Amino acid sequence: EVLMENFRRAIGLRIKESKEVYEGEVTELQAVETENPLGGYGKSISHVVITLKSVKGSKQLKLDAAIYESIEKEHISVGDVIYIEASSGAVKRVGRSDAHAADHDLEADEYVPLPKGDVHKKKEIIQDVSLHDLYVANAKPSQGQDAMSLVNSLMKPKKTEITEKLRQEINKVVNKYMDQGVAELVPGVLFIDEVHMLDIECFTFLNKALESTLAPVVIFATNRGNCRIRGTEIRAPHGMPTDLLDRLLIVRTRSYTANDIVEIVRIRAATESIDLDESCLEKIAEIGERTHSLRYVVQLLTPALILAQTNGNDAVSREDLDMVDDLFKDAKSSAKILADNAAAYVYQ
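Here the residue numbers are simple positions, counted from 1 along each chain's written sequence. Per-residue local features of the predicted model are confined to residues with pLDDT of at least 70, and side-chain atom pairs are confined, for both listing and counting, to 80 or more; whole-chain, interface and lining totals are unaffected and use all residues. In computing side-chain values, all of the structure's heavy atoms are included and hydrogens and water are not.

Considering the packing of aromatic side chains
- Aromatic pairing here means that ring centres of Phe, Tyr or Trp (its six-membered ring) are within 6.5 Å. Orientation follows from the plane angle: under 30 degrees is stacked, over 60 is edge-to-face, and everything else is tilted. The tally for this structure, following the rule as stated, stands at one aromatic pair.
- Each ring, one from Phe7 and one from Phe205, has its centre 5.9 Å from the other, and the planes form 75°; the classification is edge-to-face. Taken together, the positions of Phe7 in helix H1 (residues 2–9) and Phe205 in helix H6 (residues 200–209) put the pair 198 residues apart, joining distant regions of the chain. In this description a helix means any DSSP run of H or I spanning at least four residues, a strand means any run of E spanning at least two, and both kinds are numbered starting from the N terminus.

Here you go:
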């Protein structure tokens, strides 16, 4: 389920839709009140009168009272540029008209030009969503119908149940929109690190998921050679089934050279504001060549800096790095010590 969710998060859908909208700068905004039909002293909003201005002219609209709530949520006032969808009545604030840019010396609003064309127009609206967003939007919260279930649902956040049937229905609609040219598939990238930690069931799912037309670009990363596939007794390259490896392009990598390690550590030290002298960089290159572990070299920077500051120095010297290198061991050195002195340790 987690793999499926992340697969769908990595698949984007660009939906292009042509809608009738009213777009312009608000020059008049008036909520018309009426007597409350339920009685009492309060009044209710009967309708809203709003005037929008564009480059070609202006138009006065009489809107339903329900739209007034959307106007209040968007904090719309006179001088704002907005658009209103004719079909749904959705209101969106675009920004502040640049005609009011000189009203204040400092203002946090974003200024936008006066819309071109008529107030009433057809506008192509492009919306980017992921497949997971579509699933969540169409799933219903699952809960019982008894009173206790209803009370408990108020005390905890809503959770949605995404079923396989729902996924299939959404996929059919997405494929239909793609055939009609309304939607465009935008495959993303899903990066799975330490892929050898997955078990055989996960690899079986990946085999099937990668064959789908709605599949992102998947990158696997691992530092394992021949090892056991989790959940089986089979040993395979990188701890992955061979039938899955056949579907992949394997990128050849090489070990870092001494110059590569020095350059990477120099960038990391500059990012963390750690001063290193030249003799320290030479020592870093030596440690990198000896251990073949960039991670170990980078992890030595923090204790070396603490040691240098304790000694009253601003920059990390070769002596500081020598001391922390003696205090700590990299993974291969530690494994060798355990192998050479196995009798001295508890074995289970």
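Read on for the rest.
Focus: helix H13 (residues 331–340)
- Among the ten residues in H13, zero count as buried, and that is only a small part of the element.
- The term polar contact refers here to a pair of N or O atoms within 3.5 Å; inside protein, the definition further demands a hydrogen-donor-capable atom paired with an acceptor-capable atom, and it admits residues adjacent in sequence only when both atoms are side-chain atoms. Looking at where H13 begins, the residue whose side-chain oxygen comes 3.2 Å from the main-chain nitrogen of Lys332 is Asp330. Relative accessibility decides the category of a residue: with a 1.4 Å probe and only protein chains considered, values under 20% of the type maximum give buried, values over 50% give exposed, and everything between is partly exposed.

Considerations on the packing of helix H3 (residues 131–138) against helix H5 (residues 164–180)
- Following both chains from N to C, one finds H3 and H5 inclined at 120°, their axes separated by 10 Å at the closest point. Considering their axes alone, H3 and H5 lie oblique with respect to each other. Taken as a pair, H3 and H5 cross one another with a handedness that is right-handed. Between H3 and H5, the residues in contact are Leu131, Leu134, Tyr135 and Asn138 and Leu166, Arg167, Ile170, Asn171 and Val174, respectively.
- Residues were grouped as follows: Ala, Val, Leu, Ile, Met, Phe, Trp, Tyr, Cys and Pro as nonpolar; Asp, Glu, Lys and Arg as charged; and all remaining residues, including Gly, as polar. Here the contact of H3 with H5 is composed, by residue class, of six nonpolar, two polar and one charged. A fitted line through C-alpha atoms serves as each axis, taken over the contacting stretch for helices, and the angle formed by two N-to-C directions is quoted from 0 to 180°. Roughly parallel covers angles under 35 degrees, roughly antiparallel covers those over 145, roughly perpendicular covers 65 to 115, and oblique covers all other angles. Two helices crossing with the near one rotated counterclockwise from the far one by less than a right angle form a left-handed crossing, whereas a clockwise rotation gives a right-handed crossing. By definition, residues are in contact when any of their heavy atoms lie within 4.5 Å.

A short note on the environment of His132
- Within the secondary structure, His132 is located in helix H3.
- Overall, His132 belongs to the buried group, its relative accessible area being 10%.
- C-alpha of His132 to C-alpha of Arg9: the two residues are 123 residues apart in sequence and 5.2 Å apart in space.
- With near-sequence residues (within four places) excluded, His132 lies in contact with Glu5, Arg8, Arg9 and Ile162.

Details of a nonpolar patch on the surface
- Residues Val189, Phe191, Val217 and Ile219 make up a contiguous nonpolar surface patch of roughly 370 Å² in combined accessible area.
- Counting through the fold element by element, Val189 comes out in strand E9 (residues 189–192).
- For Val189, a relative accessible area of 55% puts it in the exposed group. Think of a patch as exposed residues, more than 30% relative accessible area, with no salt bridge, where like charges cluster within 9 Å and nonpolar side chains (Val, Leu, Ile, Met, Phe, Trp, Tyr) cluster within 5 Å. Here the open area of atoms and residues is found with the Shrake-Rupley method and a 1.4 Å probe, where only the protein chains shown may cover a residue. The rule for a salt bridge is simple: a side-chain nitrogen of Lys or Arg has to be within 4 Å of a carboxyl oxygen of Asp or Glu.

Here's the deal with the packing of helix H11 (residues 301–310) against helix H12 (residues 318–327)
- Orientation of H11 relative to H12, taken along the N-to-C sense of each, is 125°, at an axis distance of 9 Å. When the axis of H11 is compared with that of H12, the two are oblique. Where H11 crosses over H12, the two elements pack in a sense that is right-handed. Together, Pro303, Ala304, Leu307 and Ala308 of H11 and Asp320, Leu321, Met323 and Val324 of H12 make up the contact between the two elements.

Section: the pairing of strand E4 (residues 80–85)
- Burial runs high along E4: six of the six residues are buried.
- Side chains of E4 alternate between two faces, with Asp80, Ile82 and Ile84 and Val81, Tyr83 and Glu85 buried alike.
- Pairing between strands is defined by DSSP: at least two bridges between the two strands are required. In this structure, strand E1 (residues 11–35) lies alongside E4, joined through five bridges in antiparallel fashion. The residue of E4 that forms the bridge with Tyr22 is Ile84.

Points about unusual backbone geometry
- Its identity as a non-glycine residue notwithstanding, His238 has a phi of 65°, on the positive side.
- Considering the arrangement of structural elements, one finds His238 in the loop between strand E12 (235–237) and helix H7 (242–245).
- We classify His238 as partly exposed; its relative accessible area is 27%.
- With a phi angle near 55°, His292 is a residue other than glycine that sits in the positive phi range.
- Tracing the chain through its elements places His292 in the loop between helix H9 (278–291) and helix H10 (294–299).

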